[in-house]
Amino acid sequence: SIEDVDLAVRQLTIIAEGKDIARLEKLPESKKEKELVNYWDEHFPSPGEAVNGKMIEYYQRVTRSNIRFGNGYDGWWTDRGRILIMYGEPTNIERQSVLDNSVPVEIWFYDHLSKRFVFRDEHGFGDYRLVNQLW
């Protein structure tokens, strides 16, 4: 059971096409949750599972993003939140401290995917923005 179906639909913006979100948003409330589950089963099938494990994992990552990166707003919509949701926990995070008035930087490594994401906190308030992704 999904607590807030409208929010769950909005949180699909990271992985879903706009037309799919618009279709789900226009549905009557009585049909929205069922169609959201159908969306997951159609686009991200999880054969043999009573409940779509990929959907569960996705929304668990959304929750983790909100807890870790919700600095006055939805953590799932931050750059680090979106990367965490799409790729999961990084293999390693390198943090460069604030020395000599430099900007704080976090580098997320995904060794198994051969990906690296660089985030900078330009203003020093914990609002890290994605500045570079290297494959």
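Scroll up to find the structure.
Residues numbered from 1 in each chain as written. Predicted model: local features only at pLDDT ≥ 70, side-chain atom pairs only at ≥ 80, totals over all residues. Heavy atoms only, no water.

A. Fine view of the packing of helix 3 (residues 29-43) against helix 4 (residues 53-69). Direction vectors running N to C along helix 3 and helix 4 enclose 110°, while the axes themselves pass 9 Å from each other. When the interaxial angle is binned, helix 3 and helix 4 end up roughly perpendicular. Here Leu36, Val37 and Trp40 of helix 3 come into contact with helix 4, specifically with Lys54, Met55, Tyr58 and Tyr59. The class makeup of the residues in the contact of helix 3 with helix 4 is 6 nonpolar, no polar and 1 charged. (Axes fitted to C-alpha atoms, helices over the stretch in contact; angles between N-to-C directions. Helix = DSSP H or I, 4+ residues; strand = E, 2+ residues; numbered from the N terminus. Parallel < 35°, antiparallel > 145°, perpendicular 65-115°, else oblique. Contact = heavy atoms within 4.5 Å. Nonpolar A, V, L, I, M, F, W, Y, C, P; charged D, E, K, R; others polar.)

B. Summary view of the pattern of salt bridges. Under the criterion given, the structure shown has 14 salt bridges. The residue aspartate 20 makes a salt bridge to lysine 19 at a minimum N-O spacing of 3.7 Å. Aspartate 20 sits in the buried class, given a relative accessible area of 9%. Look at lysine 19 and you get exposed, because its relative accessible area is 57%. Because the salt bridges share partners, they merge into one network encompassing Glu57, Arg61, Arg64, Arg68 and Glu89. (Salt bridge = Lys/Arg side-chain N within 4 Å of Asp/Glu carboxyl O. Buried < 20%, exposed > 50% of the residue type's maximum accessible area, 1.4 Å probe, protein only.)

C. Inspection of helix 2 (residues 18-26) at higher detail. All of the buried residues along helix 2 are Asp20, Ile21 and Leu24. All buried residues of helix 2 lie within an arc of 95° about the axis, which places them on one face of the element. For helix 2, exposure combined with an orientation more than 90 degrees from the buried face picks out Gly18, Lys19 and Lys26. Considering only its buried residues, helix 2 is in contact with helix 1 (5-10) and helix 3. (Arc of directions from axis to C-beta.)

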